[in-house]
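Architecture and fold: a report
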Amino acid sequence: MPRRLWAIATLMVSLAIASLDVTMANVALPAIAADLGVAPGLVVWVMIAYSVTILVTLLPLSALAERVGFRRMFVVGITLFMFWAVAVAFSSSFVMLLTARVIQAIGTSMLMCLFGGLVRNIYPSHQLGFGVSLNAMMVSVMAVLGPTIGAFIIEWSSWHWMFLMYVPLCLATYFGVRFLPDVPRTVRPFDWLACVLSALAFGLFVIGLDMLVSSALWAVILIVVSGLSAWLLYRHSREQEAPVVPLDLLRIKPVAFAVGASATLFAAHMAAFVALPFYLINIMQYSYAHVGVLMGGWAIGSAVMAPVAGYLSDRFQVAVLCIVGAGLSAVGMFWIVLLPSGTSLFWGWVPMLVGGLGFGFFQSPNNRALLSGAPHRRSGAAGGLQATTRVFGQSVGTALAALSFHFGGPVGATVALVVGVALALGAVGINVARYFSRAPDLSL
């Protein structure tokens, strides 16, 4: 137990680092653009390049972690993250900053691909639901605190300190590395071809979706090449025992259902969150301060419900819990669409809280099903699959929101919210199919 507690503390600090880096960096974009003399449309690539880099490296790095060991990968990842966060802070040009940010994203990916596998190996099976919910609660809390911390840092000093603050946090994790679990390694050779094909399949698909508005022809070409890469990857990996892209895990029904539901609901969540600031300000006539309060309601709901859902996931069927969670998220988003302009702040906050409660209620049991459904020896691949599914869903949701704005015109934000509702109902449908399939509920 003492070692487990130290391992949990180390995991929580590293999870906070990775979560803060995503939420705080968004706040810094206007300050970075002004300081480096970069156009707002160009500075967004600081986030796009970061997200795409994580997406295309998660699965290859999770396969590499199974070969080199979780602890070694953790040390390399946290070191890479720390040094290149400092490089971001001292960047004197946009090219230098973007390069440093991409390499920092590789360090983040090295950490993110381990989180699911570490949870699986830190907690005993009867406490896995609690462990997953603790992770979800940490992510939700950082989603609330990140923008606030970032705003205060910029207000009191400069955006550079937003990246320098990671140094003491990263140094603290070095003291906990020796307490992390001893995860058996695999001795299979590393599949470089699969890594290249998976990077092309995921990366080109997301970039193609993002380009549909600005350059439709190139977008279609990229999506077609992405599909071809995915087909070649499937042909290459389908007979392998432990492929880089874990097709062996996707053949396990509980895992496949969890992946499908997770990708769909995360896409719904991101489509809504991209649209909400525009919808709340332009249509609902709220102020920026009100938007911060309202969107904080979603994160608070997720943080409050995550441990409750984790407790229930050890006792009730995952499909039922996920139907309730995804359904509440859909209700919350649709409720916002139905609100008339000028609604009081309280009644605007309630549907946001409902959506957040549903999202938190969904995450813990679904992630528990994904991690517990995989064989213990493939816990690293399961963790990488979990993280990849989340990032991929978020990327697709962002692209769908952009398309909604383009084709929806003045009501683009409303269209994006309706798309989010439809995707959340799609997650409900996947879990209804999970309930009526005869797939064993391995999380119980």
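**Observations concerning the overall build of the protein chain**
Along its length, the protein chain carries 17 helices and zero strands. A globule of 444 residues ought to have a C-alpha radius of gyration of about 22 Å, and the protein chain, at 21 Å, matches this closely. Projected onto the principal axes, the alpha-carbon positions of the protein chain cover approximately 60 × 55 × 50 Å. When the 444 residues of the protein chain are sorted by exposure, 56% land in the buried category. Sequence separation of at least 24 residues holds for 83% of the intrachain contacts in the protein chain that already meet a minimum separation of 6. Carbon and sulfur atoms make up 74% of the accessible area of the protein chain, which totals about 18,200 Å². When the 21 basic and 12 acidic side-chain charges of the protein chain are each reduced to a single mean position, those positions are 9 Å apart.

**Looking at the pattern of salt bridges**
Think of it this way: side chains of opposite charge can pair up when their charged atoms draw near. Inspection of the entire model under this criterion finds three salt bridges. One salt bridge in this structure joins R101 and D21, with 3.0 Å as the shortest N-O distance. Of this pair, R101 sits in helix α5 (residues 94–122) while D21 sits in helix α1 (residues 2–36); the two residues are 80 residues apart in sequence, bridging distant segments of the chain. Accessibility classification places R101 together with D21 in one group, the buried group.

**Some remarks on empty space enclosed by the protein**
Under the counting rule described, the total for this entry stands at one cavity of 30 Å³ or more. Taken as a whole, the largest cavity encloses approximately 30 Å³ of empty space. L59, S62, A63, E66, R67, A242, P243, V244, P246, R378 and A381 are the residues that line the largest cavity. When residues of the lining of the largest cavity are assigned to their parent elements, the largest contribution, five residues, is made by helix α3 (residues 45–68). A breakdown of the residues in the lining of the largest cavity according to their chemical character gives seven nonpolar, one polar and three charged.

**Some remarks on the side chain of S262**
Mapped onto the fold, S262 is located in helix α12 (residues 253–283). Non-local contacts of S262, meaning those with residues more than four positions away in its chain, are made with F362, N366 and T389.

**Quick word on the packing of α12 against helix α14 (residues 318–338)**
Between α12 and α14, the least distance of the axes is 12 Å, while the angle of their chain directions is 20°. Comparing the axis directions of α12 and α14 gives the class roughly parallel. The interaxial crossing formed by α12 with α14 has left-handed handedness. Between α12 and α14, the contacting residues are L265, A268, A272, L276 and Y279 on the first element and A326, S329, M333, I336 and V337 on the second. Partitioned by chemical class, the residues of the contact of α12 with α14 number nine nonpolar, one polar and no charged.

**Digging into the environment of A242**
Along the chain, A242 falls in the loop between α10 (216–237) and α11 (247–250). Distance from A242 to R378, taken between C-alpha atoms, is 8.0 Å for residues 136 residues apart in sequence.

**So, unusual backbone geometry**
Working note: non-glycine residues mostly have negative phi, and peptide bonds are mostly trans. Even without being glycine, Q285 reaches a positive phi, approximately 65°. Inspection of the secondary structure assignment puts Q285 in the loop between α12 and α13 (288–313). On the accessibility criterion, Q285 (55% relative accessible area) is exposed.

**A few points about the layout of surface pockets**
Of the voids in this model, the second largest pocket is the one considered here, and its volume is about 350 Å³. At the level of elements, α9 (192–211), α10, α11, α12 and α16 (379–408) are the ones that each hand at least two residues to the lining of the second largest pocket.

**Topic: the packing of aromatic side chains**
Tallying each qualifying case throughout the model produces nine aromatic pairs. Residues W6 and F179 carry aromatic rings whose centres are separated by 5.5 Å and whose planes lie at 20° to one another, so their mutual orientation is stacked. Of the two residues, W6 is situated in helix α1 and F179 in the loop between α8 (166–174) and α9; the sequence distance between them amounts to 173 residues. Taking the relative accessible area as the measure of exposure, F179 reaches 16% and is therefore buried. Site record: aromatic cluster; members linked through ring pairs are F202, F205 and F392. Seen from the ring of Y50, R101 lies directly overhead, with NZ or CZ sitting 3.9 Å from the centre.

**Brief notes about α10**
For an α-helix the count is 3.6 residues per turn, leaving residues at separations of three or four pointing the same way. Between its first and last C-alpha, α10 extends 31 Å over 22 residues, near the 32 Å set by a 1.5 Å rise per residue. Within the sequence span of α10, burial applies to A219, L222, S226, S229, L233 and S237. Viewed along the axis of α10, the buried residues span an arc of 85°, placing them on a single side of the element. More than 90 degrees from the buried face of α10, the exposed residues found are L217 and V224. Contacts made by the buried residues of α10 are with α9 and α11.

Definitions and limits used
- Residues numbered from 1 in each chain as written.
- Predicted model: local features only at pLDDT ≥ 70, side-chain atom pairs only at ≥ 80, totals over all residues.
- Heavy atoms only, no water.
- Helix = DSSP H or I, 4+ residues; strand = E, 2+ residues; numbered from the N terminus.
- Rg over C-alpha atoms; globule rule 2.2 N^0.38 Å.
- Buried < 20%, exposed > 50% of the residue type's maximum accessible area, 1.4 Å probe, protein only.
- Contact = heavy atoms within 4.5 Å.
- Areas by Shrake-Rupley, 256 points an atom, 1.4 Å probe, with all protein chains shown as cover.
- Lys, Arg positive; Asp, Glu negative; His and termini not counted.
- Charge placed at Lys NZ, Arg CZ, Asp CG, Glu CD.
- Salt bridge = Lys/Arg side-chain N within 4 Å of Asp/Glu carboxyl O.
- 1 Å grid on protein atoms, 1.4 Å probe; cavity = no way out; pocket = protein on both sides within 12 Å on 5 of 7 lines; lining within 4 Å.
- Points joined across faces, edges and corners; volume = space filled by probe spheres on them.
- Nonpolar A, V, L, I, M, F, W, Y, C, P; charged D, E, K, R; others polar.
- Axes fitted to C-alpha atoms, helices over the stretch in contact; angles between N-to-C directions.
- Parallel < 35°, antiparallel > 145°, perpendicular 65-115°, else oblique.
- Left-handed = near helix turned anticlockwise from the far one by under 90°.
- Phe/Tyr/Trp six-rings, centres within 6.5 Å; stacked < 30°, edge-to-face > 60°.
- Lys NZ or Arg CZ within 6 Å of the ring centre and 35° of its normal.
- Expected span 1.5 Å × (residues − 1).
- Arc of directions from axis to C-beta.

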